[in-house]
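Results of the structural survey
Here's the letter readout for the chains.
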Amino acid sequence: MYRNMPAWYVLHCKARQEERAKANLEQQGFRTLCPMFTHQKRIAGKRKLVREALFPNYIFIQSEPEQLNINALRSTRGVRTIVRFGNHIATVPESIIEHFEQSAEQADNNAVSSLFAAGSRVEIIAGAFAGLQAVYHMPKGDERCIVLLDMLGKQQQLEIEEDKLITT
């Protein structure tokens, strides 16, 4: 007898409740995925590393089609509804889910500690040195850093705010 293979579905969650929905769905036996990424964000005037959902308010679950109970999913805490296109329930190819899982592992292995890596080429975009190329040297505190500028025939250290730099 032919049996359907498990498929990945997309659920729309309530605002900022992806983690709550994920925990409740896993308790019900679903395999879940909520791709996350880490980045720096200014919170209360300070730069902090934060981990946020790649797709805010969405989560992926795996289920066999005949075991998918839409009413039970919609009543799960944190879940708003299952994503549909008309009467067709949205599915996600396994290859996309595998890509997200591999990307998440790589991101966890390469945790971000600064916006720039030491030795990376940057451009100053604001202030008296706007338009000049520099080399990122090291962070200095929460918001500032030290860059190396070639001036007057030698490298000079300049302390500057990180948000005034872009990578080149």
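These numbers come from a predicted model, not from an experiment.

Overview of the pattern of salt bridges
Scanning all chains against the criterion turns up 6 salt bridges. For R144, the salt bridge goes to E161, with nearest N and O atoms at 3.8 Å. Here the residue R144 occupies a position in strand 12 (residues 144–151), and E161 occupies one in strand 13 (residues 154–161), the gap between them amounting to 17 residues. Judged by its relative accessible area of 31%, R144 falls in the partly exposed class.

Topic: the sheet that holds strand 11 (residues 133–140)
The antiparallel open sheet is built from 5 strands, whose spatial order is 13-12-11-10-14. The open sheet is flanked by strand 13 and strand 14 (165–167), the only strands paired with a single partner. Taking the axes of each pair of neighbouring strands and ignoring which way they run, one obtains an average angle of 45 degrees across the sheet. Both strand 12 and strand 13 contribute to a ladder of 8 bridges, which runs antiparallel. When the bridges of strand 13 are listed, M151 appears paired with K154.

Quick notes on the packing of aromatic side chains
Per the stated rule, a full pass over the model turns up 4 aromatic pairs. On the basis of an interplanar angle of 85 degrees and a centroid distance of 6.0 Å, the ring pair of F55 and F60 is categorised as edge-to-face. For F55, a relative accessible area of 31% gives the class partly exposed. Arranged with centres 5.4 Å apart and planes meeting at 70 degrees, the rings of F55 and F100 form a pair that is edge-to-face. Here F55 is found in the loop between strand 4 (46–53) and strand 5 (58–63), whereas its partner F100 is found in helix 3 (residues 94–109), with 45 residues between them in sequence. Ring pairs connect the aromatic residues F55, F60 and F100, which therefore count as one cluster.

Examining unusual backbone geometry
With the exception of glycine, most residues fall at negative phi, and the peptide bonds are largely trans. Of note in the backbone geometry, R16 takes a positive phi value of approximately 55 degrees without being a glycine. Of note, R16 is situated in the loop between strand 1 (7–13) and helix 1 (18–27). One non-glycine residue with positive phi stands out, namely L152, at about 55 degrees. Along the chain, L152 falls in the loop between strand 12 and strand 13.

Concerning the environment of Q28
Mapping Q28 onto the fold places it in the loop between helix 1 and strand 2 (31–33). The sequence separation of Q28 and A72 amounts to 44 residues, and the corresponding C-alpha distance is 9.8 Å. A polar contact is formed between the side chain of Q28 and the side chain of T76, at a distance of 2.9 Å.

Things to note about the domain arrangement of the protein chain
Structurally, the protein chain comprises domain 1 (7–104) and domain 2 (120–167). Measuring from the centre of the C-alpha atoms in domain 1 to the corresponding centre in domain 2 gives 39 Å.

So, the nonpolar core
Y9, L11, L25, I61, L68, L73 and I82 are the most contacted members of the largest nonpolar core, which totals 18 residues. Contributing elements (two or more residues each) for this core: strand 1, helix 1, strand 5, helix 2 (70–74) and strand 6 (79–82). Ranked by the residues each element gives to this core, the list is headed by strand 1, at 4 residues. Setting aside anything within four residues of it in sequence, one finds L11 in contact with L25, N57, Y58, I59, I61, L73, V79, T81, I82 and V83. Ranked by size, the runner-up nonpolar core spans 11 residues in total, among them C145, L149, L158 and L165.

What counts and how
Residues numbered from 1 in each chain as written. Predicted model: local features only at pLDDT ≥ 70, side-chain atom pairs only at ≥ 80, totals over all residues. Heavy atoms only, no water. Salt bridge = Lys/Arg side-chain N within 4 Å of Asp/Glu carboxyl O. Helix = DSSP H or I, 4+ residues; strand = E, 2+ residues; numbered from the N terminus. Buried < 20%, exposed > 50% of the residue type's maximum accessible area, 1.4 Å probe, protein only. Pairing = 2+ DSSP bridges. Axes fitted to C-alpha atoms, helices over the stretch in contact; angles between N-to-C directions. Phe/Tyr/Trp six-rings, centres within 6.5 Å; stacked < 30°, edge-to-face > 60°. Polar contact = N/O pair within 3.5 Å; in protein donor to acceptor, adjacent residues only side chain to side chain. Domains from an automatic or database assignment. Core = buried A, V, L, I, M, F, W, Y, C linked by side-chain atoms within 4.5 Å. Contact = heavy atoms within 4.5 Å.

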